[in-house]
Amino acid sequence: MREFGYQRADDVIGAVALLAADPDARFLGGGTNLVDLMKTGVERPARLVDVRELPLDTIEETADGGLRIGATVTNSDLAAHPDVRRRYPALAQAVLAGAPGQLRNMATVGGNLLQRTRCGYFTDLSTPCNKRAPGSGCSAITGEHHNHAVLGASEHCVAVHPSDMGVALAAFDAVVGYETLNGPGELPLADFYLPVGDTPHRETALPPGALITGVTLPPAPVAARSRYRKVRERASYAFAIGSVAAALDVEDGVVREARLAFGAVASRPWRARAAEAVLTGAPADGDTFAAAADAELAAARPLPDNGYKVTLMRNLVVAVLTELAEETPR
Amino acid sequence: MAPVPSSTSSAVTLNINGEKHQLTVDHRTTLLDALRERLDLTGTKKGCDQGQCGACTVLVDGRRAVSCLNLAVAAEGREITTIEGMAEGDRLHPVQQAFLDLDGYQCGYCTPGQICSAIAVIEEHAAGWPSAATEDVRPEAGPPPLTPDEIRERMSGNLCRCGAYVSIVQAVTRAAEAHEAAARDDDRADRHENTEETAA
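Residues numbered from 1 in each chain as written. Chains lettered and ligands numbered in written order. Predicted model: local features only at pLDDT ≥ 70, side-chain atom pairs only at ≥ 80, totals over all residues.

### What about the overall build of chain A?
Selection criterion: Secondary structure follows DSSP: runs of H or I at least 4 residues long count as helices, runs of E at least 2 residues long count as strands, and numbering of each begins at the N terminus. The size measure is the radius of gyration over C-alpha atoms, and the globule rule it meets is 2.2 Å times the number of residues to the 0.38 power. Each residue is classified by how many other C-beta atoms fall within 10 Å of its C-beta atom, where C-beta atoms are placed from the backbone; a count of 20 or more means buried, 12 or fewer means exposed, and values in between mean partly exposed. C-beta atoms are first placed from the backbone for all residues, and any pair lying within 7 Å is then listed as a contact.
Assigned secondary structure in chain A consists of 12 helices and 12 strands. On C-alpha atoms alone, chain A measures out to a radius of gyration of 20 Å, which is about the 20 Å that the 2.2 N^0.38 rule sets for 330 residues. For the C-alpha atoms alone, the extent of chain A along its principal axes is close to 60 × 50 × 35 Å. In chain A, which comprises 330 residues, the proportion classed as buried is 55%. For chain A, long-range pairs separated by at least 24 residues make up 64% of all intrachain contacts whose partners lie at least 6 apart in sequence.

Set out below in structure tokens:
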């Protein structure tokens, strides 16, 4: 590991200024991903600005009845929070589906959004990877890619985003707030992650040096009946091979409102708007749910070894929506 | 002789098991390596060193965390509890005793991490935290019973290459039951005390 300087930031502006002073500096949150990547040499920061002590660790109700979640709230505190569990249960479930308790106690909301792909070639310095070394090529397209993207990928990168939390945030129209030397700003999650294109190393639309300060969830009554379902290769403590965050409001057998987002199928949490369009106003039955899944997955471009994900996601969507439709309205 | 702090190292005070330790650490030093290599607290074990096995689990400010992904310099100001800090003198922590009584291990290498994790699991459950095994996470549903499924899910961050999982689940179950019984006794004692105060 490269030697590095370390400073603990006392306030948000101070943290942003410290980072701006050194182009090779990185913010350190829980460290569950960054420290690991520093050990493997993928990340080689000259300085760490520790932001864990910043006063961004609260979850508060917003004036319009949404929730504002601070960037240094840990995954554990997010998933345990009564308002999150009551009003956005799929978000609590998504967070609980990721990592074990030891890591959820360390990991932060801000860091979760910025975590890097677990593509094996990204962390293997001996192989080409356009995300790690732009222009070097993609090893996964012709190599091991059974858990890679089927939606929104490009010929330059097929890596998937590993976050569970982000999938629920995408379904609920979360907005990411940040601070820069030029003042604060915000980005809807839908615009937060950049398309892969030919720049897979550029992952977010955050301005250079920006510090994520929090995530705002707009009020969403539909989210009170929501679920997160994750499929993985072992029962616990593994990244998804496919996941769904869904919310459904059904009245007299007809879908009034639906939210749907997919995980582990694209370079970012994938909001399934084509599927939502099919669901809205349609009968809440298996045929509709399958048609919705098909509408979204029509854009899928699987590789030789990950075509199973298209079938898996279709079945997952139908299963989760069926469960939600059968739940007693509350 | 302690190295002089530089731009890439710092003098830190680490609070471990209630005792303060002053040392100068290269910033690259993980909490795990500081414990084992600098402070001779070798109860905390190094397994994968990348946050995937749980052998290095300790408590940081009362919450379980993997010490291999915590930097020692970032641990300053926090209360660290390692397996060496769990017993009270010769009296083992009830979770340690349960692991002994029920053979919750074979080779023992993952055991300090398992025990630290289990101690925290019991606290997390007592605080009403749901898990991925909890069917209904809404607070109105109340805390889930600590079934074997709940324990397996909550302990999934601690791998055991010997496969002692069956006895580990039994040990955690017994320790959790004892913890709950003790909490009920405390509750009764409190109520009794209150009644006497009222009577007085």
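Continuing now.
### Observations concerning the interface of chain B and chain A
We apply this condition: Note on residue categories: nonpolar means Ala, Val, Leu, Ile, Met, Phe, Trp, Tyr, Cys or Pro, charged means Asp, Glu, Lys or Arg, and polar means any other residue, Gly included.
Facing 33 residues of chain B, the contacting portion of chain A comprises 30 residues. Counting residues per element, the ones that place at least two in the side of chain B that touches chain A are β4 (63-66), α3 (111-126) and α4 (148-154) of chain B. Its residues assigned to classes, the side of chain B that touches chain A shows 13 nonpolar, 13 polar and 7 charged.

### Points about unusual backbone geometry
Backbone geometry places Ala264 of chain A, a non-glycine residue, at a positive phi of 65°. By the secondary structure assignment, Ala264 of chain A is in the loop between β11 (254-263) and β12 (270-271).

### Describing the nonpolar core
Definition in use: What we call a nonpolar core is a set of buried Ala, Val, Leu, Ile, Met, Phe, Trp, Tyr and Cys residues whose membership is set by joining through C-beta atoms within 7 Å.
One finds Ala90, Ala168 and Val317 of chain A to be the most contacted residues of the largest nonpolar core, which totals 164 residues. At 8 residues, strand β10 (residues 240-251) of chain A tops the list of elements feeding residues into this core.

### Some thoughts on the pairing of strand β3 (residues 57-60) of chain B
For the record, the criterion: At least two bridges found by DSSP between two strands are what make those strands a pair.
A two-sided burial pattern is seen for β3 of chain B, the buried positions comprising Thr57 and Leu59 of chain B on one face and Val58 and Val60 of chain B on the other. In sequence, β3 of chain B turns back onto β4 of chain B through a hairpin of 2 residues, with Asp61 of chain B there showing a positive phi of about 50°.

### Remarks on the domain arrangement of chain B
Residues and elements named next belong to chain B. What counts here: Annotation comment: domain bounds sourced from an automatic or database domain assignment.
Once the domains are mapped, chain B shows domain 1 (9-85) and domain 2 (94-199). Here domain 1 and domain 2 have C-alpha centroids that lie 24 Å from each other. Facing 14 residues of domain 1, the contacting portion of domain 2 comprises 11 residues. Elements represented by at least two residues in the side of domain 1 that touches domain 2 include exactly β3 and β4. Here the element with the most residues in the side of domain 1 that touches domain 2 is β3; it accounts for 3 residues.

### Description of the packing of helix α2 (residues 94-101) of chain B against α3 of chain B
Residues and elements named next belong to chain B. Note the following rule: A fitted line through C-alpha atoms serves as each axis, taken over the contacting stretch for helices, and the angle formed by two N-to-C directions is quoted from 0 to 180°. When describing relative orientation, an angle under 35 degrees is termed roughly parallel and one over 145 degrees roughly antiparallel, while 65 to 115 degrees is termed roughly perpendicular and anything else oblique. For any helix crossing, the convention is left-handed if the near helix is rotated counterclockwise from the far helix by under a right angle, and right-handed if that rotation is clockwise.
Between α2 and α3, the least distance of the axes is 9 Å, while the angle of their chain directions is 130°. Judged by the angle between their axes, α2 and α3 are oblique. The two elements α2 and α3 cross, and the hand of that crossing is right-handed. Touching Val95, Gln96 and Phe99 of α2 are Thr111, Ile115, Ala118 and Ile119, all from α3. Tallied by class, the residues present in the contact of α2 with α3 amount to 5 nonpolar, 2 polar and no charged.

### Considering the pairing of strand β7 (residues 183-188) of chain A
Residue and element names in this part refer to chain A. In the sheet, strand β6 (residues 175-180) pairs with β7 via 6 bridges, with the strands oriented antiparallel. Following the sheet pairing, Val176 is matched in β7 by Leu187. Between β6 and β7, which pair antiparallel one after the other, the connecting turn spans 2 residues.

### Description of the environment of Arg64 of chain B
Tracing the sequence through the fold places Arg64 of chain B in strand β4. Since 29 C-beta atoms lie within 10 Å of it, Arg64 of chain B is described here as buried. For the pair Arg64 of chain B and Ala183 of chain B, spaced 119 residues apart in the sequence, the C-alpha separation amounts to 21 Å. Aside from chain neighbours lying at most four places away, what touches Arg64 of chain B is Gly101, Gln102 and Asn105 of chain A together with Thr57, Leu59, Cys116, Ser117 and Ala120 of chain B.

### Topic: the domain arrangement of chain A
According to the domain assignment, chain A consists of domain 1 (5-50) and domain 2 (221-326). Each of domain 1 of chain A and domain 2 of chain A has a C-alpha centre, and the two are 36 Å apart.

### Things to note about helix α1 (residues 31-38) of chain B
Residues and elements named next belong to chain B. Among all positions in α1, only Leu31, Leu32, Asp33, Ala34 and Leu35 are buried. Considering only its buried residues, α1 is in contact with β1 (9-16) and β2 (19-26). Of the residues one or two after α1, Asp40 is the one with positive phi, at around 60°.

### Here we look at the sheet that holds β11 of chain A
Strand pairs in the sheet, formed through backbone hydrogen bonds, run parallel or antiparallel to each other. Residue and element names in this part refer to chain A. The antiparallel open sheet is built from 4 strands, whose spatial order is β9-β10-β11-β12. With partners counted over all chains shown, the strands left at the sheet margins are β9 (226-232) and β12, one partner each. As judged from the 2 bridges shared by β11 and β12, these two strands associate in the antiparallel manner. What sits directly across from Ala261, in β12, is Arg271. Contacts from helix α5 (residues 89-97) reach β9 and β10, with the element oriented near 20° to β9.

### Here's the deal with the sheet that holds strand β4 (residues 59-61) of chain A
Residues and elements named next belong to chain A. An order of β4-β5-β8-β6-β7 is seen for the 5 strands of this open sheet, with the pairing classed as antiparallel. In the strand order of this sheet, the two ends are held by β4 and β7, each with one partner. The sheet shows a mean angle of 25° between the axes of neighbouring strands, direction not considered. Packed onto the sheet, helix α1 (residues 12-20) meets β6 and β8 (211-217) and runs at close to 135° relative to β8.

### Let's talk about the environment of Asp191 of chain A
Here Asp191 of chain A shows up in helix α9 (residues 189-192). Distance in space between the C-alpha atoms of Asp191 of chain A and Thr204 of chain A is 8.3 Å, their sequence separation being 13 residues.

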